[in-house]
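Breakdown of the fold
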Amino acid sequence: MTATETHASQWHTRDFPEAARDLLQDSQTRKNVQHATNVIQGKRNKVVAELPDWEELRESGAQVKAHVLRHLDHYLTQFEENCTRAGGHVHWAADAAEANRIILGLVQQHEAKEVIKIKTMTSEEIGLNRELEAHGIRPIETDLAELIIQMGKDRPSHFVAPALHVNRAQVRAMFQREMHLPELGEEPEDLATAARIYLREKYLRIKVAISGGNFLIADTGGLCIVESEGNGRMCLTLPDVLISLVGIEKVIPSFEDLEIFLQTLPRSATGERMNPYNSTWCGVHPGDGPKEFHVVLLDNGRSPILADREARQTLQCIRCAACLNACPVYHQTGGHAYESVYAGPIGAILTPQLHSMEEGRSLPYASSLCGACYQVCPVKINIPEVLIHLRGKVVQEDQATLMGKFSLWNIGMQAAAFLFKDASRLAMAERIGRVGQKALVSKNGFIEWMPLMLSGWTQTRDLKAMPEQSFRDWWAKEKAPGAKPADRSDHA
Amino acid sequence: MRVSLFITCYNDALFPQTGKAVVNVLERLGHEIEFRPEQTCCGQMHWNTGYLREAVPIIRHFVKVYQDAETVVIPSSSCVSMMRDHYVKAAEMDGDAKLVADVEALLPRVYEFSEFLVRKLGVEDVGATYPHKVTYHASCHSMRSLHLGDIPIRLLKQVRGLDLQPVQNAQECCGFGGTFSIKNADVSSAMLADKVRMVLNTGAEVCTAVDNSCLMHLYGSLHRQRTFVRTAHIAEILAATAEGAEA
Ligand code: SF4
């Protein structure tokens, strides 16, 4: 088993309901998550409300992204040409293994024993850190939250604020231990200073940096990264060699399109009008920045998504995480319940698709379809619609197996569909239900226990028993032509 | 106006009083109500759970029953959102061009109950009296799919004696989500616990909404905890009069 496989096998081991059940017991994490999401969402709502043309910006962003996805081959080749002309090297990676192989090769070629990294979800997606470590190379995360995750041997739970589930006291304890700073104070400045001192030495010494990328710019061959801490700027400018690992869907047609995204992304992600650091660069320049620049374009399950007309919009995502912050399910569980690199509503649609629906099959169901994600998404991904589409795939695939065909869910749903095709069948079922429920109804007129999957309802909820008369029976008796109402005075 | 009532499957079996209240209010406003006994369900449970192919015949049945109706009124925003958000797509998925055309012809005449009163009839005061402290739960579909905005609030504000209490975090889901409430019972219950806390904080004795599905969920917990809060569909509040006459 390679390191990558080991890493991948750490995710997707449990279904969402099972993982969520455990996380719901963790009151500290839940408190941290609720607090953090409330704060970010409050800030986001405030700065979004400032823009009179917010809806138009969302629409433009969605259209640019949708256009790119229809012509992805064109824009990627254009990017490759322009990037190469500017002195960059473009590599194509079909999957995680190939991307790891390319990056490892580049690092080894420069005989680096350590690399510095800027927060990148794609590197998490391919399990790059483990692959590097397995070959004796130490990756050092420079984003504060990623550093916290790395030191705590934890997993990211949110893709803008990966350590959102950890609070300040927990960070302090970790720094005291890992950085050998027993006297460390508890103020945010104390923690930031400790991290800064720890990292600065690394920036100045280590010669190879690895980044992700927010945007690949086709018409210039450039890249763009936005960040808040300045660690990114250090990694992008100080080392001799820069390797950027970017998903193929991140390409935009032109530099001018940043006009849209540099307004919508920071507002959606951190509730800022603009990111403190916006870096764009193009190839290499003598005496300025890295001497060698590589871009690894990652597919890893993305192109099959393009072929699915309903679900293609998934790839419009700019990873702002606004949908996580808005999601009432995420509020309760945090990111780890998704057992996936990508959590929250976007994770629930992206993860199973990246794995050809072979993993994360419970994720499309990890939503009440409340629509809060769609409402905030700056590129208008209709997540509820895609969730339902993917549920449809799960059901169809399950029905093709013997176990799925004879599952209680399938039998129940087929039976219900049979009843709903004909009102007389439905009325008959209601009558049977009224008699059948008697065994379950308590003295107070409520059902407090139900069997099998319905027990999920009664574990925390009562259900009022079906009344003696349905509406249709009442109508037939009281209102229908030819009915003989018991008391005519009501509707004289 | 001749109004055709689509009661919805769960209101028919579990909340007949809501249907009676809709009839009561619309008759009081001088409209003629009809009930087509062939009606069944909108198909939402199947569609939202991923039983897409199974939903299509249910949709076809709905369209067949109501095709010639002048106006269809439905006391459930989630069923209306099922129709507006998904019917065309379901018909397209089935490759049935005639069904697509029929759906497109029918949908403009389909209204959610409160939306029908305010947007179609232009009525806000239906002459109701309801001397209770009430809080309004805005269901997700009413807000994000039908964009009802303050329509239900405007109706409630005209009810005599009604003391309307705003609820905090009104935009957050109650955790029902149809089969989500049993497939993800733990998370759903956690969401419900938060929502119930907000409802209790208002001090209201009645929680209302335009969807009995959310109310069934909320009341499931309110009753389990033996709180004093009860739930009532908005139609039941609007049907209540000083004389106490109910349908
Ligand atoms: S799906 Fe939309 S809201 Fe969610 S992370 Fe992607 S861009 Fe942001």
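The rules we used
Residues numbered from 1 in each chain as written. Chains lettered and ligands numbered in written order. Predicted model: local features only at pLDDT ≥ 70, side-chain atom pairs only at ≥ 80, totals over all residues. Heavy atoms only, no water. Helix = DSSP H or I, 4+ residues; strand = E, 2+ residues; numbered from the N terminus. Rg over C-alpha atoms; globule rule 2.2 N^0.38 Å. Buried < 20%, exposed > 50% of the residue type's maximum accessible area, 1.4 Å probe, protein only. Contact = heavy atoms within 4.5 Å. Lys, Arg positive; Asp, Glu negative; His and termini not counted. Charge placed at Lys NZ, Arg CZ, Asp CG, Glu CD. Salt bridge = Lys/Arg side-chain N within 4 Å of Asp/Glu carboxyl O. Near = heavy atom within 4 Å. Nonpolar A, V, L, I, M, F, W, Y, C, P; charged D, E, K, R; others polar. Pairing = 2+ DSSP bridges. Axes fitted to C-alpha atoms, helices over the stretch in contact; angles between N-to-C directions. Expected span 1.5 Å × (residues − 1). Arc of directions from axis to C-beta. Domains from an automatic or database assignment. pLDDT = per-residue confidence, 0-100.

Let's talk about the overall build of chain B
- The number of helices and strands found in chain B is 13 helices and eight strands.
- In terms of overall dimensions, chain B is globule-like: its C-alpha atoms have a radius of gyration of 18 Å, near the 18 Å expected for 247 residues.
- Here the C-alpha coordinates of chain B stretch approximately 50 × 45 × 30 Å along the principal axes.
- The 247 residues of chain B split such that 64% are buried.
- Pairs at least 24 residues apart make up 80% of the contacts formed inside chain B by residues separated by at least 6 positions.
- Each charge sign in chain B was given a centre, from 24 positive and 28 negative side chains, and these centres are 3 Å apart.

Some thoughts on the pattern of salt bridges
Residues and elements named next belong to chain A.
- Enumeration according to the criterion identifies 43 salt bridges over all chains in this entry.
- As a salt-bridge pair, Arg-267 and Glu-50 come within 3.5 Å of each other at their nearest N and O atoms. Of this pair, Arg-267 sits in helix α13 (residues 258-269) while Glu-50 sits in the loop between α3 (27-49) and α4 (54-70), placing them 217 residues apart in sequence.
- We note a salt bridge from Arg-205 to Glu-201, for which the minimum N-O separation is 2.5 Å. Here Glu-201 and Arg-205 lie together in helix α11 (residues 188-205), a separation of four residues that amounts to about one turn.
- If you follow the salt bridges from partner to partner, you end up with Glu-114, Arg-138, Glu-201, Lys-202 and Arg-205 in one network.

Looking at unusual backbone geometry
- Non-glycine residue Met-357 of chain A carries a positive phi angle of around 65 degrees.
- Along the chain, the position of Met-357 of chain A falls in the loop between α17 (344-354) and α18 (372-376).
- Positive phi, close to 55 degrees, is recorded for Arg-226 of chain B, a residue that is not glycine.
- Along the chain, the position of Arg-226 of chain B falls in the loop between α12 (212-224) and β8 (230-233).
- With relative accessibility at 49%, the residue Arg-226 of chain B sits in the partly exposed group.

Comments concerning the site of the ligand
- Taken together, 13 residues are adjacent to the ligand, and Cys-317, Cys-320, Ala-321, Cys-323 and Cys-377 of chain A come closest.
- For the shell around the ligand, the per-class residue count stands at twelve nonpolar, no polar and one charged.

Examining the sheet that holds strand β3 (residues 71-74) of chain B
Residue and element names in this part refer to chain B.
- With parallel pairing, the four strands of this open sheet are ordered in space as β2-β1-β3-β4. Edge positions in the sheet fall to β2 (32-35) and β4 (110-112), since each of these pairs with one other strand and no more. Strand-to-strand, the axes of this sheet are offset by a mean angle of 35 degrees, without reference to chain direction.
- Pairing between β3 and β4: three bridges, direction parallel. Across the sheet, residue Val-73 finds its bridge partner in β4, namely Tyr-111.
- Helix α7 (residues 113-120) contacts β1 (2-5), β3 and β4 of the sheet and is inclined by roughly 105 degrees relative to β4.

Notes on helix α22 (residues 423-436) of chain A
- Here α22 of chain A is 14 residues long and its end C-alpha atoms lie 19 Å apart, about the 20 Å a rise of 1.5 Å per residue gives.
- All buried positions along α22 of chain A are accounted for by Ala-423, Leu-426, Ala-427, Glu-430 and Arg-434 of chain A. For α22 of chain A, the angular spread of buried residues about the axis comes to 100 degrees, placing them on one side. Exposed and facing more than 90 degrees away from the buried side of α22 of chain A are Ile-432 and Val-435 of chain A.
- Check the buried side of α22 of chain A and you find it contacts α21 (408-420) and α24 (471-478) of chain A together with α1 (9-14) of chain B.

Here's the deal with the domain arrangement of chain A
- Domain parsing of chain A yields domain 1 (3-166 + 207-304) and domain 2 (423-486).
- Just the C-alpha atoms count here: the centres of domain 1 of chain A and domain 2 of chain A sit 53 Å apart.

Quick look at the pairing of β3 of chain B
All names here are of chain B.
- Along β3, one buried face is formed by Thr-71 and Val-73 and the opposite face, lined by Val-72 and Ile-74, is buried too.
- Taken together, the three bridges between β1 and β3 define a ladder with parallel strand orientation. The residue bridging Val-3 from the neighbouring strand is Thr-71, located in β3.

Overview of the confidence of the model for chain B
- In the predicted model, chain B carries a mean pLDDT of 96, and 98% of its residues have values of at least 70.
- Scored as a complex, the prediction yields pTM 0.94 and ipTM 0.96.

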